Amino acid sequence: MNIKLRDPNIIMKLSRLGSFHQSKLSFLRSFLNEFKDWDYNRDLFDLNKKGYGTAVYSFKKKDRVYSLICFANKINDHERSDRVIATKWDAAFTLHDGIPKKKDIERLRNEVPKQEVGRLSYKELTLSRANKSVRIFEHVVQSLSNGVQPNLNLLDKVGYLYRTTAVYGSGKFGLADRFRIKNREEINGPFRLEMMLVYLVRQFTFDQVNHVAKNRNPKKAIKLDPHICKNLGIGNSTGLGMAPFIVNHPTLLNNWIFCRETALKKIRELKKVDKKDSNLFKNCVRNSIKNITSWNTDSEYQLQKINLLLHDVRKFLTFLEKKFDFEKYYPFNELYLWLEKETCDECIEYIVSIMLEPFDEIVQPLVKKMSSDEEKHFNIPTDRTTKDLLSIIEKKYSNILTINFKKKENQKKFWFISKNKEEPRFADRFEEQGSELEQPLAIARDIKKLHEKLLSLRKSLTINEFLIDNSDLRHVIRRAFIVEKFPYSEIQDNTIGENTIPIDMLRLKLSFFGALKFDPKSDKWLRICMFQGAPLPNELKNFDDQWVYKS
Amino acid sequence: MKSLSEIETTSKRASKAIGFSWGVSEEVAKGIRLLELFGLPGIKNLNQYYMLMNKKKFDNLSVINKNNKSNKSALCPINLGISFLDQIKKLESFKKITFSNIAYPILFIPFLSRSSEIIGKKILFKFDKNFFLFNFDVNIFSNLSKKKFPLIAKKIEISILDNKDSFTEREWKNLYKLSENTFVEETESLKKSAAGAGLTDND
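Keep in mind it's a predicted model, so treat the numbers as computed, not measured. (Residues numbered from 1 in each chain as written. Chains lettered and ligands numbered in written order. Predicted model: local features only at pLDDT ≥ 70, side-chain atom pairs only at ≥ 80, totals over all residues.)

Some thoughts on the overall build of chain A
Here's step 1: For chain A, the count of helices and strands is 21 helices and 11 strands.
Here's step 2: Taking 24 Å as the expected radius of gyration for a compact globule of 551 residues, we find that chain A reaches 24 Å, a close match to that expectation.
Here's step 3: Out of the 551 residues belonging to chain A, those deemed buried represent 46%.
Here's step 4: Residue pairs in contact within chain A that sit at least 24 positions apart in sequence constitute 76% of those at least 6 positions apart. (Helix = DSSP H or I, 4+ residues; strand = E, 2+ residues; numbered from the N terminus. Rg over C-alpha atoms; globule rule 2.2 N^0.38 Å. Buried ≥ 20, exposed ≤ 12 C-beta atoms within 10 Å, placed from the backbone. Contact = placed C-beta atoms within 7 Å.)

Quick look at the interface of chain A and chain B
Here's step 1: Listed as interface residues are 21 residues of chain A and, on the opposing side, 18 residues of chain B.
Here's step 2: Broken down by secondary-structure element, the contributors of at least two residues to the side of chain A that touches chain B are α19 (463-469) and α20 (474-485) of chain A.

What to know about the packing of helix α17 (residues 386-396) of chain A against helix α18 (residues 443-455) of chain A
Residues and elements named next belong to chain A.
Here's step 1: Interaxial distance between α17 and α18 falls to 10 Å at its minimum, and their mutual angle equals 135°. Comparing the axis directions of α17 and α18 gives the class oblique. α17 and α18 meet at a crossing whose hand is left-handed. Facing Thr386, Leu389, Leu390 and Ile393 of α17, the residues of α18 in contact are Ile447, Leu450, His451 and Leu454.
Here's step 2: A class-by-class count of the residues in the contact of α17 with α18 yields six nonpolar, two polar and no charged. (Axes fitted to C-alpha atoms, helices over the stretch in contact; angles between N-to-C directions. Parallel < 35°, antiparallel > 145°, perpendicular 65-115°, else oblique. Left-handed = near helix turned anticlockwise from the far one by under 90°. Nonpolar A, V, L, I, M, F, W, Y, C, P; charged D, E, K, R; others polar.)

Considerations on the domain arrangement of chain A
How large an interface is tends to be reported as the accessible area lost when its parts come together.
Here's step 1: Partitioning chain A into structural domains gives domain 1 (36-239) and domain 2 (271-358).
Here's step 2: Averaged C-alpha coordinates put domain 1 of chain A and domain 2 of chain A at centres separated by 35 Å. (Domains from an automatic or database assignment.)

Topic: the sheet that holds strand β1 (residues 39-47) of chain A
Strand pairing within a sheet occurs via backbone hydrogen bonds; the two strands may be parallel or antiparallel.
All names here are of chain A.
Here's step 1: Ordered in space as β1-β2-β3-β4-β5-β6-β7-β11-β10, the nine strands form an open sheet in which the pairing is mixed. A single partner strand is all that each edge strand has here, and the edge strands are β1 and β10 (516-520). Looking at each pair of strands side by side, their axes are set apart by 25° on average, direction ignored.
Here's step 2: Sheet analysis places strand β3 (residues 64-72) next to strand β4 (residues 91-97), joined by seven bridges and oriented antiparallel. Across the sheet, residue Leu68 finds its bridge partner in β4, namely Leu95.
Here's step 3: Each of β2 (53-61), β3 and β4 is contacted by helix α4 (residues 102-111), which is oriented at about 45° to β3, the strand it contacts most. (Pairing = 2+ DSSP bridges.)

Thoughts on the pairing of β10(A)
Each regular strand shows side chains that alternate between the opposite faces of the sheet.
Residue and element names in this part refer to chain A.
Here's step 1: In terms of burial, β10 is largely enclosed, as four of its five residues are buried.
Here's step 2: As judged from the three bridges shared by β10 and strand β11 (residues 526-530), these two strands associate in the antiparallel manner. The residue of β11 that forms the bridge with Pro520 is Leu526.
Here's step 3: Remark: five residues form the turn of the hairpin made by β10 and β11, two consecutive strands paired antiparallel.

Examining the sheet that holds strand β5 (residues 152-160) of chain B
All names here are of chain B.
Here's step 1: The strand order across the open sheet formed by five strands is β1-β5-β2-β3-β4, and the pairing between neighbours is antiparallel. Unpaired on one side and paired on the other, β1 (96-103) and β4 (139-142) mark the two borders of the sheet. If you compare each strand with its neighbour and ignore which way they point, the axes differ by 20° on average.
Here's step 2: Bridge count for strand β3 (residues 130-135) against β4 is four bridges, and the pairing is antiparallel. Looking at the pairing, Asn135 lines up with Asn139 of β4.

Dropping the structure here:
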């Protein structure tokens, strides 16, 4: 049976992308798999009684060492902010390439806590900062120092001790450019070093909370139970910074989605499925219910999605356990078709992610294909014709061409970069100033403009001839030739409409990171949790690959 | 030290701010990244050129011919570079192209380097007493790299070089003969037993 890849016109809609969930392809899971046989070590832990100071953690294999350097600082409560405009954080981190020398640590002590206004060097790979969840951190310290474990209900509600507010890499603020390290086999996957930083930060938060509790009451204090640690992750507050990334990296976006779609296609094409694989799938669906029921949010928008998801996953589970027979041929295809007919987008994508769980032999080769050499696809084939271009646009952007951008509601918003923080923002074109400095993220509108221009031509020209008078459309001409080869490289939706929900774009990216429990705080930012339930560093050598569904 | 990623982002934004379209700004940014990667002063010259652009007018040449003359003003290296890159498949047949007066010729360089990769041929860029040889966007060879870059190239000649060997047939044969010393002389027995395909091709 040959199953077609799913239609980009359906999958690349913002609402669908905003329904994606973590899977075996997610970067934090592929990071754990890649680094499970590396030697983990805590090389330095020089904190004072209050938990302020410096710590270094590392992963080592043969001659390669990656070291996380942590700087924990005292800040006042009124200085603590998750917004990107903050200038102080409870802790700041950088991942150093190799073993840091004393002078490296001294240099970084001056720069890392400053974050965006500090300068890093090519020896540093990633940069981040994090704030304590004040109520949780203090509760855990107080409990441990009194010799008792913390209240699990309270921990469940939050899920972490610290949350990061940004994780930077790839040349930002002087960090190493990707090209310097791209040939290293262990980081042959997107965002692997960012994942390493977050994972090691998680361990730092446990060590710090134990250290502070011990110093508060040396005689009575106990350590945080490793089972509780395991069920804590690292929070993350994410704003609009992530949104332009997926528009600005079309071939990378394609590769992420294409790998997921290819995995699904191959699983649907399996004629027979082993009992152990079908049981693993069923167990994951069953266990995952807890992930949904423990998903806390105040967002009405998300609550509705969660309720619908829970309803549909239960309905699916009933079908799976009471009516479905895995002895049938092409069982996963049948299940998928049932999902499409009977459940919401959120549930379809949720179960699609779980379908990947039993099939390492399908998923693992795809993990290695999720990066992209974007430079290779940058040149515009200017010897091709406007006839070719018109045909590509009509074939690949057919839904976008139906949007009427003369209507105010379809072009109500615009994307810009704020002067104070150099971060992306999203505002009302008709009520706010600055739309003349709009970023080139309104791809649908510009493609439509290009289409209209092409239709008005009297004869077919070469692209080179067309570009002479249409330089303003050069950026979308480049994209159209990219989407011709990479079907999932483009969001097939309007990114500037009145009803555009920017967090759908964030959610897509975060799902590929492996984030859980999306908690929107508005339509422009959300909180998530990473590594909740993940093995601790001392468990890495032998851990349960389905840990996500057992937290 | 600034990373190449920072160099690319800032060059793109500055190019948009000076008035180029986003698509052209992307091309400029890639070019400046390339210059800096090769150790050539891209940021310095882009900065100077953009400051000058506010005060002075530069000519554009949309369609490039075999021989091209600018009017009163020097040619804008960016618009010329974009035209060259876009028209390279057509220009390939000219073999030799001449221009006069290109401002900040260093900013023209990345477009030539990328053009060399697109057509798979080396490109020789000569102006005044200087030359640059572009090798498929892999490296750039020049007699000028350590000197101050001229602000204007007056008489420019661009040659698209045919792919040909840089050595004589005799030199090749000598080296090949030496390489043969790594081969094993085949006996009749080896001919029969050591080969894979080829023994039963006429069955």
